[in-house]
Amino acid sequence: MLQVSHQLSAPETPFESPLAAQRICRGVVRLLDGLGFASLHEFPLKARRRADVIALSSAGEIVIVEVKSGRADFQSDRKWPEYLEFCDRFFFAVEPDFPREILPLDCGLIVADAHGGEIVRPAPQGKLNGNRRRVLTLEIAMSANRRLARLLDPDPTL
């Protein structure tokens, strides 16, 4: 029987995010969906971090997108390098008027708004460890299932 450690499964309720971040996330998810990825917002990682968006392709590729709503948001964030070991590709996502010159050139870049997004700089291809890929794929599937179950049955005690 398959057992999933509760340690792997952090709470599934996304944090409240500023309106700009919500708009960017919506556009990112729309973009990734059009590219064949299934995405989740606010996905917990074992590093006690939460990826703003994590996406999984049918080929098993895992992408993490870190949303930045403004200059101060980027400059105060020093945790994003920790995400690199949990994905094959890493992107920053920003709104069109974001000062892009402050972002690292060795990461992918998505420009997005509430209606969609565009990859303006491809992310370098990494190679995720096979065991970590297997665990993350399972965690993504379980998280998506729990979120859907709560939508379909918000009060399972009835």
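### Overview of the overall build of the protein
Then, number 1: For the protein, the count of helices and strands is three helices and six strands.
Then, number 2: Counting from the amino terminus, the protein carries its helices and strands in the arrangement α-β-β-β-α-β-β-β-α.
Then, number 3: When the 158 residues of the protein are sorted by exposure, 42% land in the buried category.
Then, number 4: Across the protein, contacts joining residues at least 24 apart in sequence account for 58% of those joining residues at least 6 apart.

### Notes on the pattern of salt bridges
Then, number 1: Per the counting criterion, the structure on display carries eleven salt bridges.
Then, number 2: A salt bridge links E95 to R23, with the nearest nitrogen and oxygen atoms 3.0 Å apart. Placement of E95 in the loop between β4 (89-94) and β5 (108-113) and of R23 in helix α1 (residues 19-34) is noted, with a sequence separation of 72 residues between them.
Then, number 3: Here D77 and K79 are joined by a salt bridge, their closest N and O atoms 3.4 Å apart.
Then, number 4: Note on K79: relative accessible area 25%, which makes it partly exposed.
Then, number 5: Beyond isolated ion pairs, a larger network of salt bridges with shared partners links E66, K68, D73, D77 and K79.

### With respect to the nonpolar core
Then, number 1: If you look at the biggest cluster of nonpolar residues, it comprises 24 residues, and the most contacted ones within it are L45, I54, I62, I64, F90 and F92.
Then, number 2: Going through the elements one at a time, β1 (37-45), β2 (49-57), β3 (62-67), β4, β5 and α3 (130-152) are the ones with two or more residues in this core.
Then, number 3: Ignoring sequence-local partners within four residues, the contact set of F92 consists of V65, E66, K68, F74, W80, L103, P104, C107, G108, L109 and I110.
Then, number 4: Of all hydrophobic cores here, the second largest spans 17 residues; its members include I24, A55, A112 and A123.

### Quick word on α3
Then, number 1: Between the first and last C-alpha of α3 there are 33 Å, a value that for 23 residues agrees with the 33 Å anticipated at 1.5 Å per step.
Then, number 2: Every buried residue belonging to α3 is among R133, L136, E139, I140, S143 and R147, and all of these are buried.
Then, number 3: Elements in contact with the buried residues of α3: β1, β2 and β3.
Then, number 4: The residue sitting at the N-terminus of α3 and contributing the capping side-chain oxygen is N129; that oxygen lies 2.8 Å from the backbone nitrogen of N131.

### Topic: the confidence of the model for the protein
Then, number 1: In this model, the protein carries an average pLDDT of 88, and 89% of its residues clear a pLDDT of 70 or more.
Then, number 2: Within the protein, no element has a lower average pLDDT than helix α2 (residues 71-75), which sits at 89, and none a higher one than β3, at 98.
Then, number 3: The low-confidence segment residues 1-17 (pLDDT under 50) makes 22 contacts with residues lying over four places distant or belonging to another chain.

### A closer look at the packing of aromatic side chains
Then, number 1: Considering all chains together, one arrives at five aromatic pairs under this definition.
Then, number 2: Taking 6.4 Å as the distance between ring centres and 45° as the angle between the ring planes, the aromatic pair formed by Y83 and F90 counts as tilted. Residue Y83 shares its accessibility class with F90, and that shared class is buried.
Then, number 3: Three or more aromatic residues joined by ring pairs form one cluster here, namely F74, W80, Y83, F90 and F92.
Then, number 4: Looking at R132, its charged tip hangs above the ring of F86, at a distance of 4.3 Å from the centre.

What counts and how
Residues numbered from 1 in each chain as written. Predicted model: local features only at pLDDT ≥ 70, side-chain atom pairs only at ≥ 80, totals over all residues. Heavy atoms only, no water. Helix = DSSP H or I, 4+ residues; strand = E, 2+ residues; numbered from the N terminus. Buried < 20%, exposed > 50% of the residue type's maximum accessible area, 1.4 Å probe, protein only. Contact = heavy atoms within 4.5 Å. Salt bridge = Lys/Arg side-chain N within 4 Å of Asp/Glu carboxyl O. Core = buried A, V, L, I, M, F, W, Y, C linked by side-chain atoms within 4.5 Å. Expected span 1.5 Å × (residues − 1). Polar contact = N/O pair within 3.5 Å; in protein donor to acceptor, adjacent residues only side chain to side chain. pLDDT = per-residue confidence, 0-100. Phe/Tyr/Trp six-rings, centres within 6.5 Å; stacked < 30°, edge-to-face > 60°. Lys NZ or Arg CZ within 6 Å of the ring centre and 35° of its normal.

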